[in-house]
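Structural overview
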Amino acid sequence: MTGKFAIVTGASTGIGLELARCCARDGYDLLIAANEQTVEDAASVLRQEKGVGNVQALNADLATVEGVDKLVAAAEGRPVDVLMANAGRGLGDSFLDQDFVKIRSVIDTNVLGTTYLLHTVGREMRNCNEGRILITGSIAGFTPGSFQAVYNASKAYLNSLSFALREELSETNVTVTCLMPGATETEFFRRADMLDTKVGTEEKDDAAMVAQTGYKAMLNGESDVVTGMKNKIQSAVANIMPNEVLAKQHRKMAEPGTAEK
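What counts and what doesn't
Residues numbered from 1 in each chain as written. Predicted model: local features only at pLDDT ≥ 70, side-chain atom pairs only at ≥ 80, totals over all residues. Heavy atoms only, no water. Patch = residues over 30% accessible without salt bridge, like charges linked within 9 Å, V, L, I, M, F, W, Y side chains within 5 Å. Areas by Shrake-Rupley, 256 points an atom, 1.4 Å probe, with all protein chains shown as cover. Salt bridge = Lys/Arg side-chain N within 4 Å of Asp/Glu carboxyl O. Lys, Arg positive; Asp, Glu negative; His and termini not counted. Charge placed at Lys NZ, Arg CZ, Asp CG, Glu CD. Helix = DSSP H or I, 4+ residues; strand = E, 2+ residues; numbered from the N terminus. Pairing = 2+ DSSP bridges. Axes fitted to C-alpha atoms, helices over the stretch in contact; angles between N-to-C directions. Contact = heavy atoms within 4.5 Å. Expected span 1.5 Å × (residues − 1). Buried < 20%, exposed > 50% of the residue type's maximum accessible area, 1.4 Å probe, protein only. Core = buried A, V, L, I, M, F, W, Y, C linked by side-chain atoms within 4.5 Å.

A look at a negative patch on the surface
Taken together, the side chains of Asp93, Asp97, Asp193 and Asp196 present a region of like negative charge at the surface. Summarising the element assignment, Asp93 is placed in the loop between β4 (82–85) and α4 (100–128).

Written out as structure tokens, the structure is:
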């Protein structure tokens, strides 16, 4: 992989950091980005991986056009071999009780910022007729997310966008893969203020496993991958159950106060 270049967003912790680690182990040069200073710490960790190329860290707000432009500028015109659009935010509590500033942040990060990044870098890949894109969607996108409504809706958007973009690029050498994890052991639930919920406190998938599964699927040019047998079953059931039932089930997992004792 010597000379290959990958951009990974949301790479300071969790799935994003593990995705970047997968690239590092294959010798990619890396540009990692997140909206927090700890992205520099992540870069230091990645530089210790055997065989890794150059690692550059960028603290940028990828919920904004300016932040995405800053990320693209940091690539300095270099062709992007791999784009891992992983940056995202979550938000718990009932929709009407959520702070709208936080709602806007979820939408701007998960939907607007990611869409702009895919549009910008995806065009360059199409022009070069080469590249791989991995979008971190979620099995949450299959279910009306009671007490996590905006987040689930944003992931439904990303899941759908991924399949559509893949088809539009099907006659090129650019592939698009959607990684659809379930609940994963990351900082997500703490940041989303969901540590008093069942889903926030129950056992979760390992972030490294999730990343490795997604990375392999991307290299194989697969359209999508759901990580873990439990999540595969859950996503299959979601395709046949009425949305009203799914919403009630999600409430039992995500409503504040449902944390397992």
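That covers the picture; the talk isn't over yet.
Observations concerning the sheet that holds strand β5 (residues 131–136)
Overall, parallel pairing links the seven strands, which are arranged β3-β2-β1-β4-β5-β6-β7 in an open sheet. Two strands bound the open sheet, and with one partner strand each, they are β3 (55–59) and β7 (224–226). Each strand axis lies, on average, 15° off the axis of its neighbour in the sheet, ignoring direction. Here six bridges tie β5 to strand β6 (residues 174–180), and the two strands are oriented parallel to one another. Bridge pairing in β6 links Leu134 to Thr177. This element, helix α3 (residues 65–74), spans β1 (5–9), β2 (29–34) and β3 of the sheet and lies at about 160° to β3.

Things to note about helix α1 (residues 14–25)
With twelve residues, α1 ought to run about 16 Å at 1.5 Å a step, and its terminal C-alpha atoms sit 17 Å apart, in line with that. A large share of α1 lies buried, amounting to eleven of its twelve residues. Regarding α1, the residues found buried are Gly14, Ile15, Gly16, Leu17, Glu18, Leu19, Ala20, Arg21, Cys22, Cys23 and Ala24. Just past α1, the residue Gly27 takes up positive phi, approximately 85°.

Regarding the nonpolar core
In this structure, Val8, Leu30, Ile32, Leu46 and Met84 are the most contacted members of the largest nonpolar core, which totals 32 residues. Elements supplying a minimum of two residues to this core: β1, α1, β2, α2 (39–46), β3, β4 and α8 (207–219). Looking at which element gives the most residues to this core, the answer is α1, with seven residues. Excluding its chain neighbours within four sequence positions, the residues that come into contact with Met84 are Ile7, Val8, Thr9, Leu19, Cys23, Leu134, Tyr215 and Met218. Within the second largest apolar cluster, 26 residues are counted, among which are Ile7, Ala60, Ala85 and Leu158.

Take it as geometry only, folks, not as evidence of what the structure does.
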